[in-house]
Amino acid sequence: MTEITLEDLAARLDLVQQAIWSTEDRIIRNFANTVKQRADVDEIKSSLELLHQKIDRLDAEIRGLRNNGEV
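Residues numbered from 1 in each chain as written. Predicted model: local features only at pLDDT ≥ 70, side-chain atom pairs only at ≥ 80, totals over all residues. Heavy atoms only, no water.

Draft legend 1. Examining the overall build of the protein chain more closely. Along the protein chain, the regular secondary structure elements total 1 helix and 0 strands. Over its C-alpha atoms the protein chain spans a radius of gyration of 30 Å, topping by over 25% the 11 Å that the globule rule assigns to 71 residues. Oriented by its inertia axes, the alpha-carbon framework of the protein chain measures out at about 95 × 20 × 5 Å. Residues classed as buried in the protein chain amount to 1% of the 71 residues present. Surface accessibility of the protein chain: about 7,000 Å² in total, with carbon and sulfur atoms responsible for 58%. Side chains of the protein chain carry 10 positive and 14 negative charges; the gap between the two charge centres is 9 Å. (Helix = DSSP H or I, 4+ residues; strand = E, 2+ residues; numbered from the N terminus. Rg over C-alpha atoms; globule rule 2.2 N^0.38 Å. Buried < 20%, exposed > 50% of the residue type's maximum accessible area, 1.4 Å probe, protein only. Areas by Shrake-Rupley, 256 points an atom, 1.4 Å probe, with all protein chains shown as cover. Lys, Arg positive; Asp, Glu negative; His and termini not counted. Charge placed at Lys NZ, Arg CZ, Asp CG, Glu CD.)

If you want it as structure tokens, here you go:
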């Protein structure tokens, strides 16, 4: 078996540290993207809710007009 020198160990530790930082960066970017996507989904849900409310109001008005012109 070959002996590991202090320089080899330091180089390997540097590689491990760089891999950890790279992984942390990817996690942070993915989390930020997930948060943005969640905000986009929430905005779409809100818009859909408003559209449903408007459609319901229009439907009620149409039904009222059909039933003797009452709204």
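Draft legend 2. Highlighting the environment of L6. Note on placement: L6 falls in helix α1 (residues 6–66). The exposure class of L6 is exposed, given its relative accessible area of 67%.

Draft legend 3. Inspection of the pattern of salt bridges at higher detail. Per the stated rule, a full pass over the model turns up 3 salt bridges. Notably, a salt bridge pairs R38 with D42, separated by 3.4 Å at the nearest N-O pair. Here the residue R38 and the residue D42 both occupy positions in helix α1, the gap between them amounting to 4 residues, near one helical turn. The salt bridge partner of D59 is R63, with a shortest N-O separation of 2.9 Å. Note that D59 and R63 are positioned in helix α1 at a spacing of 4 residues, about one turn of the helix. Assessed through its relative accessible area of 34%, D59 is described here as partly exposed. For R63, a relative accessible area of 52% translates into the label exposed. (Salt bridge = Lys/Arg side-chain N within 4 Å of Asp/Glu carboxyl O.)

Draft legend 4. Expanded view of α1. Its 61 residues give α1 an end-to-end C-alpha distance of 89 Å, which sits within 8% of 90 Å, the value for a rise of 1.5 Å per residue. Count one or two residues on from α1 and you reach N68, which has phi positive near 65°. (Expected span 1.5 Å × (residues − 1).)

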